[in-house]
Amino acid sequence: MTKRNIRKVAVLGSGVMGSRIACHFANVGAEVLLLDIVPKEAAESTKPAERNKLVNDALAAALKSNPSPIYDKRFAKRITTGNFTDDLPKIKDCDWVIEVVVERLDIKQQVLANVEKHRKPGTLITTNTSGIPIHAIAEGRSDDFRKHFCGTHFFNPPRYLPLLELIPGPDTDPAVLSFLEDYGSRVLGKVTVLCKDTPAFIANRIGVFGIMGLFHLVEEMGLTVEEVDRLTGPVLGRPKSATFRTADVVGLDTLVHVAKGVQANCPNDEQNATFALPNYLQQMVEKNMLGSKTGKGFFFKDRSSLKGEILQLDLKTLEYVPQVKPKFATLDAARKEDDLKKRMTILYTGSDKAGEFYRKSFHGLFAYVSHRIPEITDALYKIDDAMRAGFGWEMGPFELWDAVGVGKVKEEIGKLKAETIAPWVEEMLAAGHTSFYKTEGGKRLYYDIASKSYKPVPRAEGTIVLSELPESSIIWQNKSCWVRDLGDGILCVSWSTKMNTFGAEVIQGLNKAIDLAEQGYKGLVVYNDGALFSAGANVGMIFMMAVEQEYDDLDMAVRTFQNTMMRMRHSSIPVVAAPHQLCLGGGTELCLHADKVVAHAETYMGLVEFGVGVIPGGGGSKEFALRLSDEMKEGDIRINALRERFLTIGQAKVSTSGEEAFALGYLRRGTDEVIVSRAHQLAHAKSCALDLWERGYTKPPMRKDIKVLGREGLGIVYVGANSMQSGNYISEHDTLISQKLGYVLCGGDLSEPTEVSEQYLLDLERKAFLELCMQRKTLERLQSIITSGKVLRN
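Residues numbered from 1 in each chain as written. Predicted model: local features only at pLDDT ≥ 70, side-chain atom pairs only at ≥ 80, totals over all residues. Heavy atoms only, no water.

A. Structural context of the packing of helix H19 (residues 406–416) against helix H20 (residues 423–430). Running from amino to carboxyl end, H19 crosses H20 at an angle of 125°, the nearest separation of the two axes being 11 Å. The angle between H19 and H20 places the two elements in the oblique class. Remark: the crossing between H19 and H20 carries left-handed chirality. Taken together, the residues of H20 that come into contact with H19 (itself represented by Val406, Gly407 and Lys410) are Val425, Glu426, Met428 and Leu429. The residue makeup of the contact of H19 with H20, split by class, is four nonpolar, one polar and two charged. (Axes fitted to C-alpha atoms, helices over the stretch in contact; angles between N-to-C directions. Helix = DSSP H or I, 4+ residues; strand = E, 2+ residues; numbered from the N terminus. Parallel < 35°, antiparallel > 145°, perpendicular 65-115°, else oblique. Left-handed = near helix turned anticlockwise from the far one by under 90°. Contact = heavy atoms within 4.5 Å. Nonpolar A, V, L, I, M, F, W, Y, C, P; charged D, E, K, R; others polar.)

Laid out in structure tokens, this is it:
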């Protein structure tokens, strides 16, 4: 088979999805041609600006939107715009053409008929649809077209939601699907799920069933909107937007469209009636209460009140009423359990109204997914993959069922007789198989219905899944930290704490990992598979020591953290950090001291200590001074570079992507890199560590040549901070923190630019950190973060 390269992509249709899909292809380095129709008023015009107004406005709106669809504004230059009338012939130079026009079969067929006139044979051609049958869209096209055609259903927003459903048509070449599965995962960073060509495919079929089921259950049980959102959010391992807020964000019209589509096109679905609209939902649609897009939905922001109070909809009267924080004993008990699997059992066995709600909703969901095999897929893991990647669930339906207990649920459903589960589940249990998944020999297995046996869950080639490594790979552990042997002489240290913060056990684990690696291995990868990399140091521990005025203990704790970071930098083996999602404070300091960083594209890095009233104290301030020295030029440029570095910490700037971390100075161009595929991140970090070792890694010496500006820089910092305070932009305490930070970055009160050592700067940094911890206003800031999670500006 010839090797297929994707250099240039055409995206046809620049609506919300089209413009954002174009941005994501630009994110991964592809050249993009984005086309749409010529506006009616410009039909006779010859000016490109007028003829391309629709597409240009759509792209501009996408680029301004928040959260941003693009990793770095510079990447937008990779997108060229045009229109169907003048520019469609240009698709002959494209390797992949994606049609993303309005969800109408006749219009899609018309656009693709025109595409066929210009595409070169062998070019990939796909349609982004959320439910129109793929076989119908391909009708009337040539053999070569149909062979290279399939559905590629991106989820909105395409940059952030990792699901990509691939839906083959009757004539799709299997090689095309294999290529798209690999490209989607490796290059676009997607979880690619191969679906059957059935209404709403996999994620929306199950997800919308779940939402519609809750819409009916809320009526049946007399629950409020706020109660259901509390019950179906983070406590259940689901997004904060839960059920009704998600419906408002997605838009009720969109949900209703999918629900009606399933109801009309799946007459034999045993839960067909669930997709019918409850009376209150029908009335909301008629009254144009469609959610965020119309300003009114299940929630409404009352701008006439002082604080802009958010009201909830009373489903009986359709009037907005104040939210009342729900109280359920089951919820209170579940929140104390950090382990999501154990938490599910607490929710399922609750004896109050919340427990009853969970049993009813779980039973409905479990019965429904059991009956969807083999209709929508032959493999149960695909349903779980789709729900995790498309709806942000931490556990898919079958994983959730496993956590509660497959046998236990079967017994409960049997007693209640409200639902029936599919016969294959009964057969599985009768054969002595008690779960849908199990791990054996470092492989995750799923129950395969057709063969009535367990098979490995397929993994992309060249990926490593930490949770699936055998127990024997763990060579050391404590309560919070694990050191594993990844093979080929590379170790991996990972940890799991609340928000993955660094406490004593994690620090012990990081040091132990370096000890072990130095004794007989080639390198170390710092990585974890939690929801985020690290929110930094354990603020509660710092607060306790500061309040108790245990300054010697605090000095020791900060010194230990600094020494651990310095070991990352000055060890005899290469250390590669692989962060993802939130990487704040100490998490960023760790990355600053690694030999190389392989950051996931969705990494949000920042030295945010200013917000809690201190400066970076784990080597972060020192490292910024060191990097400032390495890029130092003479005169004004030198002062500007100092100002930039100072403001990055002083304004607690957090990158909005891995790419932006380069611009903020957290990552180094030419040394660090960004990877789009989370699935490939660990394996790539391992190969980078191995590569550094094989190129003859030598322990870097402690630096003694760091040029600092002394008073020349201090004057600028002090004047800047004082003028900001005079203008009421910052508080008196902010001015004090600014002066302390400036003091460290400039190397203290030196009469002229001087070369100093890393240790000299670490001592300055630690002293400033401790002095700030003695300030009442810093303690107030620390307390605010601990008690409310909010940054206090005092």
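Still to come is the rest of the account.
B. Region of interest: the state of the cysteines. Counting across every chain of the model gives zero disulfides. Left unpaired, Cys195 is separated from the closest cysteine sulfur, that of Cys150, by 11 Å. Cys195 sits in the buried class, given a relative accessible area of 4%. (Disulfide = S-S within 2.5 Å. Buried < 20%, exposed > 50% of the residue type's maximum accessible area, 1.4 Å probe, protein only.)

C. Region of interest: H20. Along H20, the residues classified as buried are Trp424, Val425, Met428 and Leu429. Angularly, the buried residues of H20 cover 140° about the axis, an arc narrow enough to put them on a single face. Looking at H20, the residues exposed on the side facing more than 90 degrees away from the buried face are Pro423 and Ala430. On the buried face of H20, the contacting elements are helix H16 (353–371), helix H17 (380–391), helix H18 (397–404), H19 and strand E13 (443–448). (Arc of directions from axis to C-beta.)

D. Inspection of the sheet that holds strand E19 (residues 575–577) at higher detail. In space, the seven strands of this open sheet follow the order E15-E16-E17-E18-E19-E21-E23, with mixed pairing throughout. At either margin of the open sheet sits one strand with a lone partner, and together these are strand E15 (474–477) and strand E23 (673–675). Strand-to-strand twist in this sheet, taken as the mean axis angle between neighbours without regard to direction, amounts to 25°. Running over the sheet, helix H21 (residues 504–520) touches E15, strand E16 (481–487), strand E17 (490–495) and strand E18 (523–526) and is turned about 175° from E17. (Pairing = 2+ DSSP bridges.)

E. Broad picture of helix H32 (residues 776–788). The terminal C-alpha atoms of H32 lie 18 Å apart, and with 13 residues this matches the ideal 18 Å at 1.5 Å per residue to within 8%. Within H32 the residues assigned to the buried category are Thr778, Leu779, Arg781, Leu782 and Ser784. Looking at the buried residues of H32, the elements they touch are helix H22 (539–547), helix H30 (732–745) and helix H31 (758–773). Where H32 ends, the next residue or the one after it, Gly789, has phi of about 75°, a positive value. (Expected span 1.5 Å × (residues − 1).)

F. Summary view of the sheet that holds strand E10 (residues 309–314). Ordered by their spatial adjacency, three strands build an open sheet running E9-E10-E11, and the pairing between neighbours is antiparallel. Bordering the open sheet on either side are strand E9 (299–302) and strand E11 (319–322), each of which pairs with just one other strand. For this sheet, the mean angle separating the axes of adjacent strands, direction not counted, is 45°. Where E10 and E11 come together, four bridges link them in antiparallel fashion. Residue pairing for E11: Gln312 is matched across the bridge by Val321.

G. Structural context of the packing of aromatic side chains. Taken as a whole and assessed by the stated rule, the structure comprises 31 aromatic pairs. The interplanar angle of 40° and the centroid separation of 5.7 Å between the aromatic rings of Phe362 and Phe366 together place this pair among those described as tilted. Here the residue Phe362 and the residue Phe366 both occupy positions in helix H16, the gap between them amounting to four residues, near one helical turn. A single burial state applies to Phe362 and to Phe366, both of which are buried. On the basis of an interplanar angle of 65° and a centroid distance of 4.8 Å, the ring pair of Tyr381 and Tyr446 is categorised as edge-to-face. Pair noted here: Tyr381 is in helix H17 and Tyr446 is in strand E13, with a separation of 65 residues, a long-range link. (Phe/Tyr/Trp six-rings, centres within 6.5 Å; stacked < 30°, edge-to-face > 60°.)

H. Summary view of the pattern of salt bridges. Applying the stated criterion across every chain, the model contains 57 salt bridges. Of the charged contacts in the structure, one is a salt bridge between Glu440 and Lys438, with a shortest N-O distance of 3.3 Å. Salt-bridge contacts for Asp763 lead to Arg766; the nearest nitrogen and oxygen are separated by 3.3 Å. Note that Asp763 and Arg766 are positioned in helix H31 at a spacing of three residues, about one turn of the helix. Connected via shared salt-bridge partners are Arg205, Asp269, Glu270, Arg372 and Glu375. (Salt bridge = Lys/Arg side-chain N within 4 Å of Asp/Glu carboxyl O.)

I. Expanded view of the packing of helix H29 (residues 711–726) against H30. Between H29 and H30, the shortest axis-to-axis distance is 9 Å and the interhelical angle comes to 170°. Looking at the two axes, H29 sits roughly antiparallel to H30. Residues Leu714, Val717, Tyr718, Ala721, Asn722 and Gln725 of H29 pack against Glu732, Thr735, Ser738, Gln739, Gly742 and Tyr743 of H30. Here the contact of H29 with H30 is built from residues that sort into five nonpolar, six polar and one charged.

J. Expanded view of the nonpolar core. Membership of the largest hydrophobic core comes to 117 residues, with the highest contact counts inside it found for Phe298 and Trp424. For this core, the leading source of residues is helix H9 (residues 203–221), giving 11 residues. With 78 residues, the next largest nonpolar core counts Val493, Leu510, Met545 and Ala641 among its residues. (Core = buried A, V, L, I, M, F, W, Y, C linked by side-chain atoms within 4.5 Å.)

K. Broad picture of the pairing of strand E12 (residues 437–440). Across four bridges, the pairing between E12 and E13 is antiparallel. In the sheet register, Tyr437 faces E13, and the bridge partner there is Tyr446. In sequence, E12 turns back onto E13 through a hairpin of two residues, with Gly441 there showing a positive phi of about 55°.

L. How the structure looks around the side chain of Ser45. Mapped onto the elements of the fold, Ser45 is located in the loop between strand E2 (31–36) and helix H2 (48–51). In this structure Ser45 comes out as buried when scored by relative accessible area, which is 15%. A polar contact of 2.7 Å, which involves the side chain of Ser45, links it to the side chain of Glu50. (Polar contact = N/O pair within 3.5 Å; in protein donor to acceptor, adjacent residues only side chain to side chain.)

M. Highlighting a negative patch on the surface. A cluster of acidic residues, Glu548, Glu550, Asp552 and Asp553, forms a negative patch at the surface. On the accessibility criterion, Asp553 (44% relative accessible area) is partly exposed. (Patch = residues over 30% accessible without salt bridge, like charges linked within 9 Å, V, L, I, M, F, W, Y side chains within 5 Å. Areas by Shrake-Rupley, 256 points an atom, 1.4 Å probe, with all protein chains shown as cover. Lys, Arg positive; Asp, Glu negative; His and termini not counted. Charge placed at Lys NZ, Arg CZ, Asp CG, Glu CD.)

N. Geometry of the side chain of Lys108. By the element assignment, Lys108 lies in helix H5 (residues 105–118). Residue classification places Lys108 among the buried residues on the basis of a relative accessible area of 0%. Engagement of the side chain of Lys108 in a polar contact is seen with the side chain of Glu99, the distance being 2.6 Å. Apart from the residues lying within four places of it in its own chain, the contact partners of Lys108 are Glu99, Val101, Val102, Glu103, Thr127, Asn128, Thr129, Ile132 and Ile137.

O. Focus on unusual backbone geometry. Of note, the bond from Asn66 into Pro67 is cis; its omega dihedral lies within 30 degrees of zero at 5°. Mapped onto the elements of the fold, Pro67 is located in the loop between helix H3 (53–64) and strand E3 (79–83). Of note, the amide linkage connecting Asn156 to Pro157 takes the cis form, showing an omega dihedral of 0°. The topology assignment puts Pro157 in the loop between strand E6 (149–154) and strand E7 (163–168). Even without a glycine there, the phi angle at Asn288 is positive, about 60°. For Asn288, the location among the structural elements is in the loop between helix H13 (279–286) and E9. Here the phi dihedral of Asn500 falls at roughly 50°; this positive angle occurs in a residue that is not glycine. Note on placement: Asn500 falls in the loop between E17 and H21. Note on Asn500: relative accessible area 4%, which makes it buried.

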